[in-house]
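Residue-level structure breakdown
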Protein chains: 2
Amino acid sequence: MKIGELAHVAQCTVETVRYYEKEGLLPAATRTAGNFRQYGPAHVERLRFIRNCRALDMSHGEIRTLLSLADQPGAGCGAINAVFDQHIAHVDERIQELVQLKAQLSSLRKRCQAEQAVDACGILHGLAAMETEAKHKRHTHLG
Amino acid sequence: MKIGELAHVAQCTVETVRYYEKEGLLPAATRTAGNFRQYGPAHVERLRFIRNCRALDMSHGEIRTLLSLADQPGAGCGAINAVFDQHIAHVDERIQELVQLKAQLSSLRKRCQAEQAVDACGILHGLAAMETEAKHKRHTHLG
DNA sequence: CCACACCCTGAAGCTACTATAGAGTCAATG
DNA sequence: CATTGACTCTATAGTAGCTTCAGGGTGTGG
Ligand SMILES: [Zn+2]
Ligand SMILES: [Zn+2]
Ligand SMILES: [Zn+2]
Ligand SMILES: [Zn+2]
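Residues numbered from 1 in each chain as written. Chains lettered and ligands numbered in written order. Predicted model: local features only at pLDDT ≥ 70, side-chain atom pairs only at ≥ 80, totals over all residues. Heavy atoms only, no water.

1. Let's talk about the overall build of chain A
Within chain A, the regular secondary structure consists of six helices and two strands. Ordered by position in the sequence, the α and β elements of chain A form the string α-α-β-β-α-α-α-α. Over its C-alpha atoms chain A spans a radius of gyration of 23 Å, topping by over 25% the 15 Å that the globule rule assigns to 143 residues. Over its C-alpha atoms, taken along the principal directions, chain A stretches across nearly 70 × 40 × 25 Å. Counting every position in chain A, which comprises 143 residues, the buried fraction comes to 42%. A sequence separation of at least 24 residues applies to 49% of the contacts in chain A between residues at least 6 apart. For chain A, the accessible area works out to roughly 7,500 Å², and carbon and sulfur atoms hold 53% of it. (Helix = DSSP H or I, 4+ residues; strand = E, 2+ residues; numbered from the N terminus. Rg over C-alpha atoms; globule rule 2.2 N^0.38 Å. Buried < 20%, exposed > 50% of the residue type's maximum accessible area, 1.4 Å probe, protein only. Contact = heavy atoms within 4.5 Å. Areas by Shrake-Rupley, 256 points an atom, 1.4 Å probe, with all protein chains shown as cover.)

2. What to know about the interface of chain A and chain B
Contacts between the two partners involve 59 residues from chain A, matched on the other side by 60 residues from chain B. Between chain A and chain B, the buried area comes to about 5,200 Å², and carbon and sulfur atoms account for 67% of it. For chain A, the biggest contributors to the area lost against chain B are A:Leu56, A:Leu105 and A:Thr132; these three give 13% of the whole. In this assembly, chain A and chain B are joined by six salt bridges. A salt bridge links A:Asp92 to B:Lys102, with the nearest nitrogen and oxygen atoms 3.0 Å apart. Summed over the shared surface of chain A and chain B, the number is 22 residue pairs in polar contact (both at pLDDT 80 or more). For the side of chain A that touches chain B, the leading source of residues is helix α5 (residues 78-109) of chain A, giving 19 residues. Among the residues making up the side of chain A that touches chain B, the classes are represented as 33 nonpolar, twelve polar and 14 charged. (Buried area = accessible area lost by both parts, 1.4 Å probe. Salt bridge = Lys/Arg side-chain N within 4 Å of Asp/Glu carboxyl O. Polar contact = N/O pair within 3.5 Å; in protein donor to acceptor, adjacent residues only side chain to side chain. Nonpolar A, V, L, I, M, F, W, Y, C, P; charged D, E, K, R; others polar.)

3. Looking at helix α3 (residues 41-55) of chain A
For α3(A), which comprises 15 residues, the first-to-last C-alpha distance of 21 Å matches the rise-based estimate of 21 Å (1.5 Å per residue) to within 8%. Buried within α3(A) we find A:His43, A:Val44, A:Leu47, A:Phe49, A:Ile50, A:Arg51, A:Asn52 and A:Cys53. Next to the buried residues of α3(A) lie α1 (3-9), α2 (14-23) and α4 (60-70) of chain A together with α6 (122-129) of chain B. With its phi angle positive at about 65 degrees, A:Asp57 sits one or two positions after the end of α3(A). (Expected span 1.5 Å × (residues − 1).)

4. Brief notes about the domain arrangement of chain A
All names here are of chain A. By domain assignment, chain A separates into domain 1 (3-70) and domain 2 (78-129). Each of domain 1 and domain 2 has a C-alpha centre, and these two points are 35 Å apart. Domain 1 puts seven residues into the contact, and the matching count from domain 2 is six residues. Summed over the three residues of domain 1 that lose the most area to domain 2, namely Glu62, Leu66 and Leu69, the buried surface amounts to 63% of that side. (Domains from an automatic or database assignment.)

5. Concerning the relation of the copies chain A and chain B
When chain A is fitted to chain B, the best match, at an RMSD of 0.3 Å, comes from turning it 180 degrees and sliding it 0.0 Å along the axis. With respect to symmetry, the two chain copies, as superposed, fit the operation of a two-fold axis. The C-alpha atom lying nearest the rotation axis in chain A is that of A:Gly143; the distance is 2.4 Å. Taken as a fraction of all interface residues of chain A, those also at the interface in chain B reach 100%, which identifies the copy contact as same-surface. (Least-squares fit on C-alpha atoms with pLDDT ≥ 70 in both.)

6. Examining the protein's contact with DNA strand D
In the neighbourhood of DNA strand D, 20 residues make up the surrounding shell, with A:Thr16, A:Arg54, B:Gly4, B:Arg18 and B:Arg37 lying closest. Each atom of DNA strand D within 4 Å of the protein was assigned to sugar, phosphate or base; sugar and phosphate come to 82%. A distance of 3.0 Å is found between a phosphate oxygen of DNA strand D and a side-chain nitrogen or oxygen belonging to B:Arg31. Here B:Arg37 contributes a side-chain N or O atom positioned 2.7 Å from a phosphate oxygen of DNA strand D. Secondary-structure elements contributing two or more residues to the surface near DNA strand D are α2 and α3 of chain A together with α1 (3-9) of chain B. At four residues, the largest contribution of residues to the surface near DNA strand D is made by α2(A). (Near = heavy atom within 4 Å.)

7. Overview of the side chain of A:His43
All names here are of chain A. Along the chain, His43 turns up in helix α3. Residue His43 is classed as buried on the basis of its relative accessible area, which comes to 15%. Non-local contacts of His43, meaning those with residues more than four positions away in its chain, are made with Leu6, Leu26, Pro27, Ala28 and Ala29.

Structure, rendered in structure tokens:
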């Protein structure tokens, strides 16, 4: 199959497929006489795997690790489980951050119940009066 | 004050300050004879405002809008409240997404309770068997 | 033979910074 | 007065995960 069909079955764009090849996530395809990429079932499987991981917001690094672990079928799956657990922790951490953020936002929001002049807007005043704090380093790849 | 001091009081780096100037979030400073940027209290206030907004994960677009609205002190603050509400919605939406994601991840995680051979790892099989779905457009700027 | 759908490469754009390199400024010290 | 060291300047490239574009080539139906 050609790249368009592969992209279609994996629900992504041809540009994404080419990008994954360049990044080394997807092995390079063989080429036809006209220099078109030619894919088989193994590519479909791998690309679908990658897209599924991406749908779970895993990073390319995490996916790369999973793929290379999966390519050693004899080994134990402990490392796989570990990567997975770490990623769950990433999601968890980001949820915590966002919940905190939402609380902060909601409390600010209460400061302006009815529309008024900009000068008097409690939200604006609240934003100006906030304690400016140093950016804390992000431990996860989830923005 | 010079850029280093400004960065210090606003808890960010000098590179970030210069970046904000280039992006038009922070107005250009006057320069000393030696071409150093020279800042006053208005810059401090504005930069702190920007950093506080960023601490709430607002996008530069949102901040730009807030700043330009704040620069019309006579007008009503309805538009400000609206931007704010939209951003709260962004956070909310992302939280929902991540909570769903976590549920999916947890259910996958259950498929491999004890370490075993990679071939048999339920997580790997689960990832391969997932319904590959088209990427849904993100309505928020929160990754 | 031509239109049209598909494919190719390489480079730039997106967000919000961060990190260099290489050079200039300035206050304090010897 | 010369030098050191902390600070500043510009310009450029890198980060993640793509998307978009420009400028071509390939292949099929009429
Ligand atoms: Zn992760
Ligand atoms: Zn208001
Ligand atoms: Zn927002
Ligand atoms: Zn396992």
